[in-house]
Amino acid sequence: MDNQLRYSDSAAASAKSPREGASWRDFITVTKPGIIRSNLIAAFAGYWVASGWNVEYGKLILTLLGTMLVMASACVFNNYFDRDLDMKMERTRERGLPTGRLKPNTVLLYAIGLGIAGLAVLFAFCGVLAGLFGIVGMFVYVVVYTLWLKRTSTWSTSVGAISGAMPPVIGYVAVTGKVDLGAWLLFAMLFLWQPPHFWALGIRRKEEYRAAGFPLLPVVKGVRRTKFQMIPYVALLLPIPVLMYMYDYAGIFYLFISAGLSLVWLYLTLTGFKAKDDDAWAKKNFFFSINYLTVSLIVLVLNTIHG
C-alpha cells in the first residue's frame, strides 16, 4: 500500500510540476517514430509491388511523405488522449505530456496540423483512394482504438490492427487506383501480424497494463488464453506468400523465405505452451515477430515480379 501511495504521489507530482521546457526531441517522440519507421517500410513495399519495378520516384516520395504525416498525426492524437493513462506506466510516464514539458493544447494543434498536411498530400498527389484509406487509418486508430476499445475491450488489439494495415494499402492504391487482390494480401499481412506481435509485448508488460487500467487480453483473460489466441493469426500468415507467388506479385524466393519464417513463428508460438518462463518466451516471440515482418517486406520488395 505504501508503495502504491508513493507511486501515486510521484506520478501526480510529475504531472503538476513541469520540468524543463519542451525540446525538439519531445515533438519527435510524441509521433512514435518506431511505429512510423516500420509502417513506412510497409508503405514502400505496397507501392513497389504495385509498380512492378516501374517506379515513379517523385510520386513514391510524396506517398511516403503523406503516409508518414497521417501516421504521425494519429500517433500524436493517441498521446494526447492517453496522457492521463501514460502517467501510470513506467515506460510512458517520462514522455513530454505526462511530465508537463509539452502542453496539451500545443500537442492537439500539432496533431491537427500533421493530419491536415498528410491528407492534403495524399489526396492531391496520390489519388482519392490513398486519401480515403488515410482517413480510415486515422479514424480507426484515434476514435475506435484510442477513445473507445483501448479502454473498454480486449478487442482493441484486433480492431486497432486495421489502422496498422493501412500503410501498404495506401502505397499500393497510389499506383493502381483500385483495390484488388494485391491490396487485400498486403492488408492481410499487416493485419494478421499485429495482434500476436503486440500480445507478446503485452504478456511481458501485463502488470504495467493492469496498473494503468488497460483491458489487454493477457490482463483480462490470462497468458494461456492469449497464447491460444495468437495461433490463428500466425497460422493465417502462411497462405499469403503462396498467394503472392501464385498471382505473380512476388517470386519463388519470397515464397520460400516468407513461408519459412511463418512456419518458424508458428512453431515458436506453439512452444509457448511448454515454456517454463513466459517472460523469456514472450520476449523471444516479440523480437522474432519484428524480424519476420522486416525480412518478409525486404524480400517482397527485392523479389517483386517485374511489371
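Below you will find a few notes about this structure. From a predicted model like this one, the values you see are computed outputs, not experimental measurements.

Cut-offs used in this document
Residues numbered from 1 in each chain as written. Predicted model: local features only at pLDDT ≥ 70, side-chain atom pairs only at ≥ 80, totals over all residues. Heavy atoms only, no water. Helix = DSSP H or I, 4+ residues; strand = E, 2+ residues; numbered from the N terminus. Rg over C-alpha atoms; globule rule 2.2 N^0.38 Å. Buried < 20%, exposed > 50% of the residue type's maximum accessible area, 1.4 Å probe, protein only. Contact = heavy atoms within 4.5 Å. Areas by Shrake-Rupley, 256 points an atom, 1.4 Å probe, with all protein chains shown as cover. Salt bridge = Lys/Arg side-chain N within 4 Å of Asp/Glu carboxyl O. Axes fitted to C-alpha atoms, helices over the stretch in contact; angles between N-to-C directions. Parallel < 35°, antiparallel > 145°, perpendicular 65-115°, else oblique. Left-handed = near helix turned anticlockwise from the far one by under 90°. Core = buried A, V, L, I, M, F, W, Y, C linked by side-chain atoms within 4.5 Å. Phe/Tyr/Trp six-rings, centres within 6.5 Å; stacked < 30°, edge-to-face > 60°. Lys NZ or Arg CZ within 6 Å of the ring centre and 35° of its normal. Disulfide = S-S within 2.5 Å.

Brief notes about the overall build of the protein chain
Link 1 in the chain: Counting its regular elements, the protein chain contains 17 helices and zero strands.
Link 2 in the chain: What you see for the protein chain is a C-alpha radius of gyration of 20 Å, in line with the 19 Å of a compact globule of 307 residues.
Link 3 in the chain: Along the three orthogonal principal directions, the C-alpha set of the protein chain runs to about 65 × 50 × 25 Å.
Link 4 in the chain: Within the span of the protein chain, comprising 307 residues, buried residues form 51% of the whole.
Link 5 in the chain: Residue pairs in contact within the protein chain that sit at least 24 positions apart in sequence constitute 75% of those at least 6 positions apart.
Link 6 in the chain: When the accessible area of the protein chain is evaluated, it comes to approximately 14,300 Å², of which 66% is carbon and sulfur surface.

Here we look at the pattern of salt bridges
Link 1 in the chain: Under the counting rule described, the total for this entry stands at eight salt bridges.
Link 2 in the chain: Among the salt bridges present, the one from D26 reaches R101, with a minimum N-O distance of 2.8 Å. You can see D26 sitting in helix α2 (residues 24-29) and its partner R101 sitting in the loop between α6 (96-99) and α7 (104-126), a full 75 residues away along the chain. We note that D26, like R101, is buried.

Some thoughts on helix α9 (residues 156-164)
Since the α-helix turns once every 3.6 residues, residues separated by three or four places project in the same direction.
Link 1 in the chain: The element α9 is extensively covered by neighbouring structure, given that seven of its nine residues are classed as buried.
Link 2 in the chain: All of the buried residues in α9 are S156, T157, S158, G160, A161, S163 and G164.
Link 3 in the chain: Looking at the buried positions of α9, the neighbouring elements they touch are α3 (33-51), α8 (128-152), α10 (166-176), α11 (181-204) and α14 (223-235).

Let's talk about the packing of α14 against helix α17 (residues 278-302)
Link 1 in the chain: At a minimum axis separation of 12 Å, α14 and α17 run at an interaxial angle of 25°. As summarised for this structure, α14 and α17 are arranged roughly parallel, according to the angle between their axes. Classified by chirality, the crossing of α17 by α14 is left-handed. Here V223, K227 and M230 of α14 lie close against α17, whose contacting residues are D278, W281 and N285.

Considering the nonpolar core
Link 1 in the chain: Membership of the largest hydrophobic core comes to 87 residues, with the highest contact counts inside it found for M189, I240, M244, Y254, Y292 and L300.
Link 2 in the chain: The dominant element in this core, judged by the number of residues it contributes, is α11, at 14 residues.

Here we look at the packing of aromatic side chains
Link 1 in the chain: Applying the stated criterion across every chain yields a total of 14 aromatic pairs.
Link 2 in the chain: Ring plane angle 15° and centroid distance 5.4 Å describe the contact between Y141 and Y145, whose orientation is recorded as stacked. Placement of both Y141 and Y145 in helix α8 is noted, with a separation of four residues, approximately one turn of the helix. Accessibility assignment for this pair places Y141 and Y145 in one class, buried.
Link 3 in the chain: In this structure an aromatic cluster arises from ring pairing among F44, W48 and W53.
Link 4 in the chain: Looking at R83, its charged tip hangs above the ring of Y80, at a distance of 4.4 Å from the centre.

Examining the environment of H197
Link 1 in the chain: Of note, H197 is situated in helix α11.
Link 2 in the chain: If we ignore the near neighbours within four places in the chain, the residues touching H197 are W265, F286, S289 and I290.

What about the state of the cysteines?
Link 1 in the chain: All told, the structure shown has zero disulfides when counted by the stated rule.
Link 2 in the chain: Here C126 is not disulfide-linked; the sulfur of C75 is the nearest cysteine sulfur, at 19 Å.
Link 3 in the chain: For C126, a relative accessible area of 3% translates into the label buried.

Brief notes about the environment of I203
Link 1 in the chain: Structurally, I203 can be placed in helix α11.
Link 2 in the chain: Along the primary structure I203 and K283 are separated by 80 residues, whereas in three dimensions their C-alpha atoms are 8.8 Å apart.
Link 3 in the chain: Those residues in contact with I203, other than ones at most four positions away along the chain, are P218, V223, T226, D278, W281 and A282.

Points about unusual backbone geometry
Link 1 in the chain: Backbone geometry places K32, a non-glycine residue, at a positive phi of 55°.
Link 2 in the chain: Looking at where K32 falls in the secondary structure, it is placed in the loop between α2 and α3.
Link 3 in the chain: The class of K32 is buried, set by a relative accessible area of 16%.

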